[in-house]
Amino acid sequence: MTVAEKRVAVVTGSNRGLGRAIVQVLAEQGIHVVLTARDARAAEEAAAPLAGQGLPVIPHQLDVTDIASVSRLVADVVFERGQLDILVNNAAVAIDPGMDASTLASDRLRATFETNLFGAWRCCAEVIPHMRKQGYGRIVNLTTHMASLSTMGSSSPAYRASKTAVNAMTRILADELRGENILVNAASPGLAATRMAYGRANQPPDDAARALLWLATLPEDGPTGGLFHGREELAW
């Protein structure tokens, strides 16, 4: 059995689009991958074709806005597999395209942060203790070029701000875990052809998934606390 075949990964929000493509790319490396969705049936339906191809993919319900759901997922994975090595925080919402910060409804702002930031933070907080025990972990937080402070613009303010906060969380956790062989990085996939791209995509999800595979499988001397598009490091 190879090292990859011993690894266990969780990809949040992965029953379609980029998340599902990430699941497939990881599974093709022999990594056991937990495909998740808010609805258990949606997770099962998305995982079935991949498992049917002989890929090591299993479904599990996960709502990142529900701490009980996050805790249950991590407990189940660790109980069944004995470890949890890789977390890809992919689950996100973009519900304010074209909107202005000055007129944005507060409910959209709260809902965006609840999934994009707090959901990702919950998942990190649940998996890190297990990663510490085993002395290994790789966390990849999906972000966006739109969250870069160096090029920050208007429009989609809640989405931009939530992902900028994800970038900050990435830096904070990377520094906290430095020297523990738990590497934490942020990755901007660019505009992949998913529902969140609103028809502005310039690449299929499979290409975007392959471009960030390396961050999920970094060697011990790999980068941590970075922001990447493919292997190109971006400005915060």
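Now for a description of the structure that goes with this document. Residue numbers here run from 1 along each chain, matching the order of that chain's written sequence. Local features in this predicted model are restricted to residues whose pLDDT is 70 or higher, and side-chain atom pairs enter the listing and the counts only when it is 80 or higher, whereas totals over whole chains, interfaces and linings include all residues. With hydrogens and water set aside, each side-chain value is computed from the structure's full complement of heavy atoms.

Quick notes on the overall build of the protein chain
Across its full length, the protein chain carries seven helices and eight strands. In terms of overall size, the protein chain behaves like a compact globule, its C-alpha atoms giving a radius of gyration of 17 Å where 236 residues would be expected to give roughly 18 Å. Projected onto the principal axes, the alpha-carbon positions of the protein chain cover approximately 55 × 40 × 35 Å. For each residue, the accessible area found with a 1.4 Å probe, counting protein chains only, is set against the maximum for its type, and the residue is called buried under 20%, exposed over 50%, and partly exposed in between. Scored against the burial criterion, the 236 residues of the protein chain give a buried share of 50%. Taking the contacts inside the protein chain whose residues are at least 6 apart along the sequence as the reference set, 68% of them involve residues at least 24 apart. Roughly 10,700 Å² of accessible area belongs to the protein chain as shown, and the carbon and sulfur atoms make up 52% of that amount. His residues and chain termini do not enter the charge count, which takes Lys and Arg as positive and Asp and Glu as negative. A charge is said to be at NZ when it belongs to Lys, at CZ for Arg, at CG for Asp and at CD for Glu. The positive charge centre, built from 22 side chains, and the negative charge centre, built from 24, are 1 Å apart in the protein chain. Each helix is a run of DSSP H or I of at least 4 residues and each strand a run of E of at least 2, with the numbering of both proceeding from the N terminus. The size measure is the radius of gyration over C-alpha atoms, and the globule rule it meets is 2.2 Å times the number of residues to the 0.38 power. What makes two residues a contact is simply this: any of their non-hydrogen atoms within 4.5 Å. Residue burial considers only the protein chains on display, and all accessible areas are found by Shrake-Rupley using a 1.4 Å probe.

Quick word on the packing of helix 2 (residues 17–28) against helix 7 (residues 205–216)
Every axis corresponds to a line fitted to the C-alpha atoms, with the helix fit spanning only the stretch in contact, and the corresponding angles, defined between N-to-C directions, vary from 0 to 180 degrees. Where helix 2 meets helix 7, the axes come as close as 8 Å, and the angle between the chain directions of the two elements is 55°. For the element pair helix 2 / helix 7, the angle class is oblique. In this structure, the crossing between helix 2 and helix 7 has a hand that is right-handed. Seen from helix 2, the contacting residues are Gly-17, Leu-18, Ala-21, Ile-22, Val-25 and Leu-26; seen from helix 7, they are Pro-205, Asp-206, Ala-208, Ala-209, Arg-210, Leu-212, Leu-213 and Ala-216. The class makeup of the residues in the contact of helix 2 with helix 7 is eleven nonpolar, one polar and two charged. Working definition: roughly parallel below 35 degrees, roughly antiparallel above 145 degrees, roughly perpendicular at 65 to 115 degrees, and oblique for all remaining angles. Crossings are classed by handedness, with left-handed meaning an anticlockwise turn of the near helix from the far one by less than a right angle and right-handed meaning a clockwise turn. In the scheme used here, Gly and all other residues not listed as nonpolar or charged are polar, with Ala, Val, Leu, Ile, Met, Phe, Trp, Tyr, Cys and Pro taken as nonpolar and Asp, Glu, Lys and Arg as charged.

Focus on the state of the cysteines
Should the sulfur atoms of two cysteines be covalently bonded, the bond is a disulfide. By definition, disulfides here are pairs of cysteine sulfur atoms that lie within 2.5 Å. One pass over the full model with this rule turns up zero disulfides. Sulfur of Cys-123: no disulfide; nearest cysteine sulfur belongs to Cys-124 and is 7.1 Å away. Taking the relative accessible area as the measure of exposure, Cys-123 reaches 4% and is therefore buried.

Quick notes on the packing of helix 5 (residues 106–134) against helix 6 (residues 157–176)
Between helix 5 and helix 6, whose axes approach to 9 Å, the crossing angle comes to 20°. With respect to each other, helix 5 and helix 6 are oriented roughly parallel. For the pair helix 5 and helix 6, the sense of crossing is right-handed. Residues Arg-108, Leu-109, Thr-112, Phe-113, Asn-116, Leu-117, Ala-120, Trp-121, Cys-124, Ile-128 and Arg-132 of helix 5 form the contact with helix 6, whose own contacting residues are Ala-158, Tyr-159, Ala-161, Ser-162, Lys-163, Ala-165, Val-166, Met-169, Leu-173 and Glu-176. Grouping the amino acids of the contact of helix 5 with helix 6 by side-chain chemistry returns 14 nonpolar, three polar and four charged.

With respect to the side chain of Lys-163
Within the secondary structure layout, Lys-163 lies in helix 6. Whenever Lys or Arg places a side-chain nitrogen within 4 Å of a carboxyl oxygen from Asp or Glu, that contact is recorded as a salt bridge. Buried charge without a partner: Lys-163 forms no salt bridge, and the closest opposite charge is Asp-96, 11 Å away. Those residues in contact with Lys-163 that lie beyond four places of it in its chain are Ala-92, Asn-116, Leu-142, Thr-143, Thr-144 and Ala-147.

So, the nonpolar core
Residues belong to a common nonpolar core when they are buried Ala, Val, Leu, Ile, Met, Phe, Trp, Tyr or Cys residues joined through side-chain atoms within 4.5 Å. Of all hydrophobic cores here, the largest spans 34 residues; its most connected members are Ile-22, Leu-26, Val-33, Leu-35, Val-57 and Val-88. Within the residue set of this core, elements represented by two or more residues are strand 1 (8–11), helix 2, strand 2 (32–37), helix 3 (40–52), strand 4 (86–89), strand 5 (137–142), strand 6 (182–187) and helix 7. Every residue in contact with Ile-22, bar those within four places of it in the chain, is listed here: Val-11, Val-88, Asn-90, Ala-209 and Leu-212. By size, the runner-up hydrophobic cluster in this structure holds 29 residues, among which are Leu-73, Ala-91, Val-166 and Leu-177.

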